[in-house]
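Architecture and fold: a report
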Amino acid sequence: MTSALALPLCLALASQAPAAMSLVQARTSAAPAVRLAPLVQSRAGLTNGMQLGAAPSLAPTLAAPALAAPAPMAAQAPQTIVPSLSPAAALSVQAMTAPQAAPAQIQTESVRLFDGGAPRSSLPVAAEDEGPAPAPRVRYGRTSEDGWSLASFRSAADASPISYKYRGGSKSQPPMVFVGGLALAESYDSFFETEGQAGSDQYFMWLRGHQPTQFEPTREVYEADARDMARMIVLAAERSGSQSVSLTLHSYGVLVFQRMIQLHQDLEVAQAMRLLKGGRVTLINTTTHYGDSETAAGAQYAQMAKIIRAIVQQLDLMDSYSALLTASIKANPLLTPALLPQIFYLKMQRDMLLSLASKGAVDELRKQLADPWSAQIDHVRRNILRIVEENAATPGWQEAFLRRANATSLLDFTKEDVQRIRDYGIRLEIIHAAKDQLIPWVSAKLAFELFGFKVPKNAPKPGREFRDQSGMFHLKVVDSDHYYPLREPQQLDRDLYH
């Protein structure tokens, strides 16, 4: 399926696409072309070039060694820098590339207590794996959050700092790494809070774009996530002094695992996969993508993927154009008065498109989290809603969300990849929620059949269990929805440690 999101969330996300595309096309088609080369920009010309949303096109004279005299901007024919989409193409959304400002310099203290206590000594790990940690962000302000420490490591993909938290637990089981969902990373907060003593050393990683991990310009977000997961597994083994690691993944985290399997030739990924032998790999709310598998759920999926891809191309074109203008200024600073306003408004236009593109998914999340949960954990739901609001206002989260959705729609997971999991001796415990709002049975079934399960055409009742022929993969259906790890913390504890 297209990303870890199934039809309701994806189509909600895609519903904003027509408005977003109209915004770009209306503004770019009305924008005057700029003939780059003027050493002096007239006041009238500069005003004309600074119309909101103007997206100029480069005239051939840009590459000329000598600068031609400026042509009046108003006299230029309107040009569009991005291809227009047909009305039928306006149904989807997914990915992007805008350069963003680098995060402020992070404090040098590498590990802090979540409750604001004194810094703890870092456990011995490879020096390259430990980087400066961002300031801790307390989610709840509850005493149950005590005991977690915050740290970070440098991504193998691009050296971005990736934040994680960890706490010590029982040493009778391998350390466990947790990775959450696409739109919401906090898939396990109620479990962490109600668990009592941890069943093992635990590590939770915030992928880029999910605070406190910042989003830095990353075209291949999905692949970077896979490499970051591998590094977190290796780091957990080093910190805990263990020869094996367990892994618990929810929704998008499952897709990151699939991509990691495909990167098995990377040395650190291969090391991580070896560490997973002997541990427990739990996949919660699972789906996959291969070939044109999105068509199994209907034409809406295929159409959505096309539109998401088209919007990504729009954004990438805007980024490429902005980079070209920036390079032109560096080559000839005298162009700054003419080009800097264009760069500014191009970024403004991009941010508006980005916000519109992710709005539908955020609205759908709000709806799904609107109904109260049990009294014991309802405060978790309310705090998660606050996190959703924070994320929705953050361009880095918006961009990471859309890029991941686009990239996972291009995943081609194969039987050979599944066999590689078996070859490494990795055992899978797979949990499917019968009432999953985002991954219906028709979508989940694609993954289950690929993993070798013989499952029925129609969704089985909760309580059914299946095993593949090798006996290495186990699937069970539970009576819950997409938020199973949050809604059922006691049951999750039994799933993971008993």
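Residues numbered from 1 in each chain as written. Predicted model: local features only at pLDDT ≥ 70, side-chain atom pairs only at ≥ 80, totals over all residues. Heavy atoms only, no water.

1. Regarding the overall build of the chain
Scanning the chain from terminus to terminus reveals 15 helices and 10 strands. Accessible area for the chain stands at about 19600 Å²; split by element, carbon and sulfur atoms hold 55% of it. (Helix = DSSP H or I, 4+ residues; strand = E, 2+ residues; numbered from the N terminus. Areas by Shrake-Rupley, 256 points an atom, 1.4 Å probe, with all protein chains shown as cover.)

2. So, the packing of helix H5 (residues 221-240) against helix H6 (residues 252-262)
Contact pair H5 / H6: the axes reach a minimum separation of 8 Å and the direction vectors enclose 85°. One way to sum up the angle between H5 and H6 is to call them roughly perpendicular. In this structure, H5 contributes Tyr222, Glu223, Asp225, Ala226, Met229, Ala230 and Ile233 to the contact, and H6 contributes Tyr252, Gly253, Leu255, Val256, Phe257, Arg259 and Met260. (Axes fitted to C-alpha atoms, helices over the stretch in contact; angles between N-to-C directions. Parallel < 35°, antiparallel > 145°, perpendicular 65-115°, else oblique. Contact = heavy atoms within 4.5 Å.)

3. Concerning the confidence of the model for the chain
The share of residues in the chain with pLDDT of 70 or more is 70%, and the mean pLDDT across the chain is 76. When the criterion is pLDDT under 50, residues 26-145 qualifies, and its contacts beyond four places in sequence or with other chains add up to 287 contacts. (pLDDT = per-residue confidence, 0-100.)

4. A word on helix H12 (residues 415-423)
Structural remark: α-helix, 3.6 residues per turn; residues separated by three or four positions point the same way. Within the span of H12, buried status applies to Asp417, Val418, Ile421 and Arg422. Projection of H12 onto a plane perpendicular to its axis shows the buried side chains occupying an angular sector of 150°, all on one side. Relative to its buried face, H12 has exposed residues pointing more than 90 degrees away, namely Glu416 and Asp423. Gly425 sits one or two residues past H12 and shows a positive phi near 75°. (Buried < 20%, exposed > 50% of the residue type's maximum accessible area, 1.4 Å probe, protein only. Arc of directions from axis to C-beta.)

5. Side note on the pattern of salt bridges
Throughout the structure, instances matching the rule amount to 26 salt bridges. As a salt-bridge pair, Asp351 and Lys347 come within 3.0 Å of each other at their nearest N and O atoms. Residue Asp351 and its partner Lys347 are located together in helix H9 (residues 336-368), separated by four residues, close to a single helical turn. Close ionic contact of Arg382 with Asp378 constitutes a salt bridge, the shortest N to O distance being 2.8 Å. Of the two residues, Arg382 and Asp378 are both situated in helix H10 (residues 378-392); the distance of four residues between them amounts to about one turn of the helix. (Salt bridge = Lys/Arg side-chain N within 4 Å of Asp/Glu carboxyl O.)

6. Here we look at the side chain of Ser358
The topology assignment puts Ser358 in helix H9. A distance of 3.2 Å separates the side chain of Ser358 from the backbone oxygen of Leu354, its partner in a polar contact. Those residues in contact with Ser358 that lie beyond four places of it in its chain are Trp397, Gln398, Phe401 and Leu402. (Polar contact = N/O pair within 3.5 Å; in protein donor to acceptor, adjacent residues only side chain to side chain.)

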